[in-house]
Amino acid sequence: ATWPVFQWLKARLGGRDRAAAGLATALLVLLVLLPVAAIVGDLSQDIPVAVQGARTLLAHPLPSPPEAWLKAPLIGPPLAHLWDAIGHGHARLGQVVGSSLAPLSQWALGAVEGVAGGLFDLLISLACLYFLYLGGPASIGLLRRVLTRIGASRGEELLRVAHGTIQGVVFGVL
């Protein structure tokens, strides 16, 4: 999916493969890897803060409903009753949710850690992509020659089928 970008960069850089491959790879790092890394970093810091905020919120009783709600015609008394019911259930909610916050926090931090591990895999994949950009045309030529030699007239057809299948999988997944 990024091959046309590489080809475009290569044309703009006067046919310099290494410069185009480096620039295309750097663009992918900037557009994919760095934003995800920033989000992971922020999430790892924000999860404990959110858990502490939830504990603080659940530890205090609900304030009184706004006066304007109580004075509202027709809906004021039902709103006040609903607010009181929520306030009475607030203490029980604090107990139930409060006991679930620690495992939920650990699960969320584990998920963030898993994504962080995936970032390393993505970085390795992008490094490999640099070399695929450089050796792509030669590899395709070699593959064509081998398939033509093995499969004769069907070799080129098999290559087209493989190309379509791989492209369909990539676009289907992304």
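Further up the page is the structure itself.
Keep in mind that this is a model prediction, so the values were computed, not measured.

**Student:** I'd like a rundown of the overall build of the protein chain, residues and numbers included.
**Tutor:** In terms of regular secondary structure, the protein chain is built from five helices and zero strands. Each principal axis of the C-alpha distribution contributes one length, and for the protein chain these read about 85 × 35 × 30 Å. Taken over 174 residues, the protein chain has a buried fraction of 17%. Restricting to contacts in the protein chain with at least 6 residues of sequence separation, those with at least 24 account for 66%.

**Student:** Which residues make up the pattern of salt bridges, and what values do they have?
**Tutor:** Throughout the structure, instances matching the rule amount to two salt bridges. As a salt-bridge pair, Asp17 and Lys10 come within 3.0 Å of each other at their nearest N and O atoms. Asp17 sits in the partly exposed class, given a relative accessible area of 28%. The class of Lys10 is partly exposed, set by a relative accessible area of 21%. Among the salt bridges present, the one from Arg144 reaches Glu156, with a minimum N-O distance of 3.0 Å. With Arg144 in helix H4 (residues 76–151) and Glu156 in helix H5 (residues 153–173), this pair connects stretches of sequence that are twelve residues apart. Note on Glu156: relative accessible area 27%, which makes it partly exposed.

**Student:** An account of the packing of aromatic side chains is needed here, citing residue identities and associated values.
**Tutor:** Tallying each qualifying case throughout the model produces four aromatic pairs. Centre to centre, the rings of Trp3 and Tyr133 are 6.2 Å apart; their planes meet at 35°, and the pair counts as tilted. One end of the pair, Trp3, is in helix H1 (residues 3–12); the other, Tyr133, is in helix H4, and 130 residues separate them in sequence. Judged by relative accessible area, Trp3 falls into the partly exposed class, the value being 30%. Ring geometry for Phe6 against Tyr133: centres 4.7 Å apart, planes inclined by 10°, an arrangement best described as stacked. Of this pair, Phe6 sits in helix H1 while Tyr133 sits in helix H4; the two residues are 127 residues apart in sequence, bridging distant segments of the chain. Taken together, Trp3, Phe6 and Tyr133 form an aromatic cluster joined through their ring pairs.

Conventions used here
- Residues numbered from 1 in each chain as written.
- Predicted model: local features only at pLDDT ≥ 70, side-chain atom pairs only at ≥ 80, totals over all residues.
- Heavy atoms only, no water.
- Helix = DSSP H or I, 4+ residues; strand = E, 2+ residues; numbered from the N terminus.
- Buried < 20%, exposed > 50% of the residue type's maximum accessible area, 1.4 Å probe, protein only.
- Contact = heavy atoms within 4.5 Å.
- Salt bridge = Lys/Arg side-chain N within 4 Å of Asp/Glu carboxyl O.
- Phe/Tyr/Trp six-rings, centres within 6.5 Å; stacked < 30°, edge-to-face > 60°.

Everything listed here is a matter of coordinates, which is why it stays silent on function.
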